[in-house]
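Listed below are the residues making up each chain.
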Amino acid sequence: MNLLDTETLKGLEPVGALLLGWIGLLFGFQFEIVKLRRFPLDFFKAAILESFLTFALVFFGVYYTLPLFFEIPEVRHIVLSLTLSAAAACTAQTGLALLSPNFTAQHQKTLGFLRYVSSIDGFSALLIFGVVFFFRKSSMTGISWVGDLALGTAFLLVISAGLVFLYIVFMSSHRDESELALVVIAMAVLTSGVASILHFSPLVANFFIGFCLVNLCRQKERLFKILVGVEKPVYLLLLVFLGAYWKLDSMWLIVLAAVYCLYRFIGKLFAGFMVTRLSPGLSSYPSHLGFGLLAQGGFPWPSCLISSRVFPVIFLPA
Amino acid sequence: MVDLYQSKRNLVTYILTLFVVTLFALWLRHLDMESSWQKAGMINFSIGFVLLLAYMSAQILKIARLPLISGYIIVGIIVGPYVSGFLTNDMISRFGFINDVALSFIALTAGGALHLQALKKRRKSIVLNILFLTLLVFGFVFVFFVFMGSNFSFTRNLSSVQVIAFAVLIGVVAVARSPSSAIAIISESRASGPFTETVLGVTVAMDVFVIVLFTVALTVARVILGGSGMMDTQVFMAVFMEMAVSFFFGALLGKGISFYVDRIRHDLPLFLLFLAFGVSKISMWSDNFMINCFDIHLHLEPLLICMSAGFVVQNFSKTRAYFMESLESVSLPVYVLFFSLAGASLNFDALRLCWLLTLCLAVVRVAGIFCATWLAGTVAGDLSLHNRSAWMAYLTQAGVAIGLAQIAEREFPEIGMYLTTVILALIFVNQVIGPVTFKAVLNLVGEAKIR
């Protein structure tokens, strides 16, 4: 219907920035140290290991499969492989939410562990996706990206710390709900904008701010209420944006998508098996844990949206 | 004592934060923007920056008892293309769609603020105000320009016929008000009472009425300037059709909102924002569709649609309280964004070109408004305090007036440039002064709950 034409999408750019910022903040709010400490450290290690193993397997698979289908420049090839594999590493809790109450009651312990892994494993994906930004910048200019990464990370931390300070200043006096909502909206858009200008991922910048706020700010509960209050509409809008940007350059992309799903399936099963075998504290969990980690959602959507905007890839048949 | 300490502390915090954020923005602005992603980032940063800046500045001005929207407008002027240039004209036009959505949302609130029972009680006063405001404001401005127009350097080159046509058009535009400003100040002051009801009723009704008046003025101007020598009844039919269809869609939408609140209720503020987006978009789309498919120019006016939708929910539904609460919960970001962008769009160049003429017209318009409101109030038997001070509530002017000026410019290119410049300059003055006087009068008549 062309309701969301190019001009409208351009005009709605700040809304897109707001969505990315909102999701980054929400993700950061999941990392409240006091709450994380209630779980064994093995859980945290397992979540990170599981996502890295999935990432590694999918990365190599996608990296070597892509040239079979399409001809794309080397730089974009690596960027695309990194983005897809980072997205593959994440798990959504949707599958767990659909289980019957009987099943949930019978497997409480395993489901608790799966829930924990699902909410934490996006962390490594987020960091990998953040690294992609530095790689892109340097690969365009030909400077060593490793050097840029260290410098850029320090820079990101300093800028984000400044923005956290700004948040804390705003939170220092009591504000009513609508004022608080305005501050969160303005800061989320502003942070996403700063991140884009300075070649950081808006998700990482907002995640870091969310992480600091949940651990430092006294009014974190009020902030979280505002953020989580519109979580579903935020994801809904994000999907609308993704749909509007979506275009099918070649039918081979469908085949590639099927291969990608296969790699992710293998990656999750393998990673699930490995975490239960490598950590002695987790050996009591079933070895086919990966079946509970197949649902994908949440973080991959914003990363795909950013990716399509920052790294537009033109596919040519191989 | 504690309150005084707290407000002093807040003031210092706001000033320091403003300073730091502004320095940061200036630094970012000097960075090289290589990619489109970075440029988009700059636009996003600018929006976030303007929102924060406007919010903080308004809080500072609040200490001086100025209305919040004056703070938003002033920040808009400062960051706009004519002062600091932080927001460029290109950026502002890019935000045009978001602005339209915000305006539709404000129109929903304006419609929702109209209580049928109260309007019925104030019917006499509202009708008289509309009548006298139309006749006297138009009359004062028309007579002033016909006799004095050629004395100003800016309009010296107009022929006597062009002066009359110009006077007709500017006289009608002077009648236009700004419902968005009115509703923002009423919400901010939590004002209610007979005076507020009358002002709101008059402002909203005038916004609709002025479109009809302008159509008449366009036809008259066409006759004066030697175009078609007859009144084109088709034009009037089209205008009435547009308004009727817009009201009809609005009423349907209002029923739809009531149904949603009754049955679903989830995330109503967001649903209303989607709705505002949908109305703006469908209105644009239907324009093109009717012209391309049927060669008919039928413009659905989003402002009228949303106003009547809000009115229907408020007066013909049981869900009115929840509806108004939901609108209220997201109104602050909408107002901050809308009025900052409105401030950034105010045209300094226009004011510079014809400042003397503008000031004179502004004074004449105020005189017309004063006579009209005093006369209407006296005939209707309102309180004499209300009659003496009501003029202060009718100064604000914005969107509709700009839209009318643009139509006139397209229609009469020979006087259009002059007309648009003078109207933009006049809006500049009225939009800066209007909110301040409006808030003051609400305090004066004792209907503002928050001072």
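The structure displayed is predicted, hence computed values, not measured ones. (Residues numbered from 1 in each chain as written. Chains lettered and ligands numbered in written order. Predicted model: local features only at pLDDT ≥ 70, side-chain atom pairs only at ≥ 80, totals over all residues. Heavy atoms only, no water.)

Asks: Where do I start with the overall build of chain A in this structure?
Replies: Counting its regular elements, chain A contains 16 helices and two strands. In terms of C-alpha radius of gyration, chain A reaches 20 Å, essentially the compact-globule figure of 20 Å for 318 residues. Considered along the principal axes of its C-alpha atoms, chain A spans approximately 55 × 50 × 45 Å. In chain A, which comprises 318 residues, the share counted as buried stands at 54%. (Helix = DSSP H or I, 4+ residues; strand = E, 2+ residues; numbered from the N terminus. Rg over C-alpha atoms; globule rule 2.2 N^0.38 Å. Buried < 20%, exposed > 50% of the residue type's maximum accessible area, 1.4 Å probe, protein only.)

Asks: What exactly am I supposed to notice about helix H14 (residues 320-329) of chain B here?
Replies: Helical geometry note: an α-helix holds 3.6 residues per turn, so side chains three or four residues apart project in the same direction. What H14 of chain B keeps buried is the set Phe323, Ser326 and Leu327 of chain B. Buried residues of H14 of chain B, viewed axially, fall in a sector of 100 degrees; they line one side. (Arc of directions from axis to C-beta.)

Asks: What is the right way to look at empty space enclosed by the protein in this model?
Replies: With a probe scaled to a water molecule rolled over the atoms, the places where space remains empty come into view. Inspection of every chain in the model, using the stated rule, returns five cavities of 30 Å³ or more. As a volume, the largest cavity reaches approximately 150 Å³. Elements with a minimum of two residues in the lining of the largest cavity: helix H2 (13-29), helix H11 (177-197), helix H14 (231-245) and helix H16 (300-310) of chain A together with helix H2 (36-63) of chain B. The biggest single contributor to the lining of the largest cavity is H2 of chain A, with four residues. Across the lining of the largest cavity, the residue classes break down as ten nonpolar, four polar and two charged. (1 Å grid on protein atoms, 1.4 Å probe; cavity = no way out; pocket = protein on both sides within 12 Å on 5 of 7 lines; lining within 4 Å. Points joined across faces, edges and corners; volume = space filled by probe spheres on them. Nonpolar A, V, L, I, M, F, W, Y, C, P; charged D, E, K, R; others polar.)

Asks: Explain the interface of chain A and chain B here, please?
Replies: By convention, interface size is frequently given as the accessible area that disappears when the constituent parts associate. In this complex, chain A contributes 46 residues to the contact, which on the side of chain B involves 43 residues. Taken together, the links from chain A to chain B amount to one salt bridge. One salt bridge in this structure joins Arg94 of chain B and Glu13 of chain A, with 3.3 Å as the shortest N-O distance. The interface formed by chain A and chain B includes five residue pairs in polar contact (both at pLDDT 80 or more). Of all the secondary structure elements, the ones that give two or more residues to the side of chain A that touches chain B are helix H1 (6-11), H2, helix H9 (122-141), helix H10 (145-171), H11, H14 and H16 of chain A. The greatest single-element share of the side of chain A that touches chain B, amounting to 13 residues, is contributed by H11 of chain A. Across the side of chain A that touches chain B, the residue classes break down as 30 nonpolar, nine polar and seven charged. (Contact = heavy atoms within 4.5 Å. Salt bridge = Lys/Arg side-chain N within 4 Å of Asp/Glu carboxyl O. Polar contact = N/O pair within 3.5 Å; in protein donor to acceptor, adjacent residues only side chain to side chain.)

Asks: What is the right way to look at the environment of Phe291 of chain A in this model?
Replies: Residues and elements named next belong to chain A. By the secondary structure assignment, Phe291 is in the loop between helix H15 (252-278) and H16. Using a relative accessible area of 48% as the deciding quantity, one classes Phe291 as partly exposed. Phe291 sits ten residues away from Trp301 along the chain, and the two C-alpha atoms are 21 Å apart. In this structure Phe291 touches Phe265 and Leu269, once residues within four positions along its chain are discounted.

Asks: I'm lost on the environment of Leu359 of chain B in this one. Help?
Replies: All names here are of chain B. Its place among the elements puts Leu359 in helix H17 (residues 355-380). Residue classification places Leu359 among the partly exposed positions, given a relative accessible area of 41%. Expressed as a C-alpha distance, the spacing of Leu359 and Thr421, which sit 62 residues apart in the sequence, is 13 Å.

Asks: Looking at this structure, how should I read the confidence of the model for chain B?
Replies: When pLDDT is averaged along chain B, the result is 85, and 95% of the positions lie at 70 or above. With pTM at 0.85, the complex prediction returns an ipTM value of 0.87. (pLDDT = per-residue confidence, 0-100.)

Asks: Mind showing me how you'd approach the pattern of salt bridges here?
Replies: Two side chains carrying opposite charge are able to pair once their charged atoms lie near each other. Within this structure, the stated rule accounts for ten salt bridges over all chains. A salt bridge links Glu50 of chain A to Lys268 of chain A; its shortest N-O distance comes to 2.6 Å. A residue pair is termed long-range when its members are at least 10 positions apart, and Glu50 of chain A in helix H4 (residues 41-69) and Lys268 of chain A in helix H15 qualify at 218 residues. The same class applies to Glu50 of chain A as to Lys268 of chain A, namely buried. The salt bridge involving Glu188 of chain B is made with Lys439 of chain B; its shortest N-O contact spans 3.3 Å. With Glu188 of chain B in helix H9 (residues 179-189) and Lys439 of chain B in helix H20 (residues 413-444), this pair connects stretches of sequence that are 251 residues apart. Across the pair, exposure class does not vary: Glu188 of chain B and Lys439 of chain B are buried alike. One network of salt bridges, in which partners are shared, links Glu32, Lys35 and Lys220 of chain A.

Asks: It is not clear to me how the packing of aromatic side chains should be interpreted in this structure. Could you clarify?
Replies: For any pair of aromatic rings, the description rests on two quantities: the centre-to-centre distance and the angle between the ring planes. Residues and elements named next belong to chain B. Under the counting rule described, the total for this entry stands at 37 aromatic pairs over all chains. When the centroid spacing of 5.8 Å and the interplanar angle of 10 degrees are considered together, the rings of Phe45 and Phe49 count as stacked. Here the residue Phe45 and the residue Phe49 both occupy positions in helix H2, the gap between them amounting to four residues, near one helical turn. Exposure remark for Phe49: the relative accessible area of 3% places this residue in the buried category. Plain terms: the ring middles of Phe145 and Phe166 are 4.4 Å apart, the flat faces sit at 20 degrees to each other, and that makes the pair stacked. (Phe/Tyr/Trp six-rings, centres within 6.5 Å; stacked < 30°, edge-to-face > 60°.)

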